[in-house]
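Spelled out from the first residue to the last, the chains are:
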Amino acid sequence: MVTLLSDNIIEIKKVNFYYGASKALTDVTMDFKKNKVTALIGPSGCGKSTLLRLLNRMNDLIDGTRVEGEVVFEDRNIYDPDVDPVEIRRRIGMVFQKPNPFPKSIFNNITYGPKLGGVKNRSELEALVEQSLKQASLWNEVKDILNQSAMMLSGGQQQRICIARALAMKPDVLLMDEPTSALDPVSTAKIEELIEELKKKYTIIIVTHNMQQAARISDYTGFFYLGKLIEYNPTEKLFTTPDVKQTEEYITGRFG
Amino acid sequence: MTRKLKEKIIKNIFFLLSLVSIFVLGLIVVFLFKEGFPIFKVVSVREFIFGLEWYPTYDPPSFGIWSLIVGSLVVTFFASLIAVPLGVLSAIYVAEIAPPLVKEIFKPVIELLAGLPSVVLGFFGMAVLAPWLQNTFGLPTGLNILNASIMLSIMAVPTISSISEDAIYSVSQEFKEASYALGATKFETIARVVVPAALSGISTAVILGMARAIGETMVVLMVAGGAAAIPESIFDSVRPMPASIAAEMGEAPFRSNHYYALFATGIVLFFMTLFFNLIADYISNKFKQVGSATL
Ligand SMILES: Nc1ncnc2c1ncn2[C@@H]1O[C@H](COP(=O)(O)OP(=O)(O)OP(=O)(O)O)[C@@H](O)[C@H]1O
Ligand SMILES: [Mg+2]
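Quick caveat, the model's predicted, so the values are computed rather than measured.

Definitions and cut-offs
- Residues numbered from 1 in each chain as written.
- Chains lettered and ligands numbered in written order.
- Predicted model: local features only at pLDDT ≥ 70, side-chain atom pairs only at ≥ 80, totals over all residues.
- Heavy atoms only, no water.
- Buried < 20%, exposed > 50% of the residue type's maximum accessible area, 1.4 Å probe, protein only.
- Helix = DSSP H or I, 4+ residues; strand = E, 2+ residues; numbered from the N terminus.
- Pairing = 2+ DSSP bridges.
- Near = heavy atom within 4 Å.
- Polar contact = N/O pair within 3.5 Å; in protein donor to acceptor, adjacent residues only side chain to side chain.
- pLDDT = per-residue confidence, 0-100.
- Contact = heavy atoms within 4.5 Å.
- Buried area = accessible area lost by both parts, 1.4 Å probe.
- Salt bridge = Lys/Arg side-chain N within 4 Å of Asp/Glu carboxyl O.
- Nonpolar A, V, L, I, M, F, W, Y, C, P; charged D, E, K, R; others polar.

On to the pairing of strand 9 (residues 220–225) of chain A, then. Residues and elements named next belong to chain A. Within strand 9, 5 of the 6 residues are buried, which leaves the element mostly enclosed by the surrounding structure. Sheet topology places strand 3 (residues 37–41) next to strand 9; 4 bridges connect them, and they run parallel. Among the inter-strand pairings, L40 is bridged to a residue of strand 9, identified as G222. Bridge count for strand 9 against strand 10 (residues 228–234) is 6 bridges, and the pairing is antiparallel. Note that in strand 10 the partner of G222 across the bridge is Y232. Connecting the antiparallel pair strand 9 and strand 10 is a turn made up of 2 residues, with L226 showing a positive phi of about 50°.

Bringing the site of ligand 1 into the picture now. Residue and element names in this part refer to chain A. As a matter of local geometry, ligand 1 sits amid Y19, A24, S44, G45, C46, G47, K48, S49, T50, I62, E178 and H209. Between ligand 1 and G45, the relevant distance is 2.8 Å, taken from an oxygen atom to a main-chain nitrogen or oxygen of the residue. If one sorts the elements of the shell around ligand 1 by residue count, helix 1 (residues 48–55) sits on top with 3 residues.

Each neighbour pair has its own omega, and for D59 of chain B with P60 of chain B the value is 0°, a cis peptide bond. Although it is not a glycine, N35 of chain A adopts a positive phi angle of roughly 55°. Here N35 of chain A is to be found in the loop between strand 2 (22–33) and strand 3. Positive phi is not limited to glycine here, since R57 of chain A has a value of about 60°. Structurally, the position occupied by R57 of chain A is in the loop between helix 1 and strand 4 (65–73). On the basis of relative accessibility, which here comes to 11%, the residue R57 of chain A falls in the buried class.

All names here are of chain B. Averaged over all residues, the pLDDT of chain B is 92; the fraction at 70 or higher stands at 97%. In this model residues 289–295 is a low-confidence stretch, pLDDT under 50, and it forms 18 contacts with partners more than four residues away in sequence or in other chains. Interface confidence in the predicted complex, given as ipTM, is 0.91; pTM for the same model is 0.85.

Turning our eyes to something else, we now look at the interface of chain A and chain B. Size of an interface: often given as the accessible area lost when the parts come together. Taken together, the contact pairs 28 residues of chain A with 23 residues of chain B. Together chain A and chain B conceal approximately 2,100 Å² of surface at their shared face, both sides included; 60% is due to carbon and sulfur atoms. The largest share of the area that chain A buries against chain B comes from P103, Y112 and L116 of chain A, three residues that together contribute 26% of it. Counting across the chain A and chain B interface gives 2 salt bridges. Taking the shortest distance from any N to any O, the salt bridge between K98 of chain A and E174 of chain B comes out at 3.2 Å. Our count for the contact surface shared by chain A and chain B stands at 6 residue pairs in polar contact (both at pLDDT 80 or more). Broken down by secondary-structure element, the contributors of at least two residues to the side of chain A that touches chain B are helix 2 (85–91), strand 6 (92–95), helix 3 (106–116) and helix 6 (155–167) of chain A. Sort the elements by how many residues they give to the side of chain A that touches chain B and helix 3 of chain A lands first, with 5 residues. Taken together, the residues of the side of chain A that touches chain B break down into 15 nonpolar, 6 polar and 7 charged.

Encoded structure:
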């Protein structure tokens, strides 16, 4: 297991999570390192998305959910009653499995979050759009069509719009839930490159079903099974000499 | 019988059935025009539409329906002024905000409004609203534009709210999640994502609600007061086109000029509702494809 160091940006402590009566996460404790890529892997239904959505309080939107334990972000339990989930979501961005740009122009997609945050100045917004699109390596492809609907773009471009949109909030952490599973290999490669680039500035936590992807892009990997964190180790170790037999069976494709 | 043949027969049956309804509709329109056109041998189209005097039984008669048209437009306008915010906001409330229990009560109640027979609404307008308006504002009569607009708006609200609600429901959950994940509150999400994405459906709802109001007969017949004059305030009586047709058709001698004039009024009304429906169609198509990109 990873030892506690001061460069943790998020620490999950003994978390249990319930959808109504059914328990989706059991006693999960794990830390996420700053400016690293952490991959979450495991068979379908093991609770990866649930864990990811726990980190920016997206699960709050589902009726009847309940959290036990603590999720500490910047020395604060984000589930304390006095914490505003809206504030948390501005600091911890999210990219979804299916590209979901708004049915608005590219420009308005990127500026959606910043405008909510009170940025009104046009030139400031324009600068932000350029910067975010460049970070998502999409600027050259769309710089002349910023006023067109984002829905007209290809799936891979749409997903990069979604990444740019999240980056425009200047978040500290970027959560990605299977961001490439709906994309072709070329788009996937682009996004993987992008993640490599982004980790210099951001902490990235990514759910993936693709073992090679986890191995390629992540620094740490957590393996989940039936709502439990089975093994959490540096990616290289987890994929070469895993501590737990179940992990080995999963990554070699013998179950899951 | 082969499966293919069966398919073909079923397809043709459906085709024939839909042809029947289109045919009947066409027949009605042809009839309307045939019975209405002869009036234009007596008055010009211009005189008919813009003429200020509607004295169909005088000697000599005058057939100008401008005040009837204005009557229809005025009550429709004020009814929309009331019904659009009510209908749209209640749709937003039911679809996005109401807790499940409240939703379960509100939804059927609003839909029940649509099932109220218009004569009952008209009766309510006459017996309850009219005396109240008369006393409260010290009017000669409570049967006026205001009364008709209020009663019509009650008829339009269910149309507007149920179609808007469907439009709001069909906004995909993914857009909402994206909005929340960017730090939007519930109300920001509704105002900036849900409503814009549902706008084509909401506009359609509004226009169909207005079409419903402009074509409604019984309510305006009972509560609009029936004065064929250009109104000067919302407390004046008016005589909307459907009310005029319904009230006079019984007395107009068959194929007299009066009879023709009433049918011609029907033609005008037909074009107005057609116009509303075309706009509704246009809007829902226009916004659909581009995904209301610039909103
Ligand atoms: N909205 C919900 N309501 C009730 N139960 C849910 C809900 N979402 C997920 N669950 C349950 O919680 C468990 C974990 O689901 P989760 O979506 O986190 O799995 P996952 O690891 O992301 O799976 P996948 O790889 O298929 O995306 C599953 O048993 C699932 O049925
Ligand atoms: Mg998932």
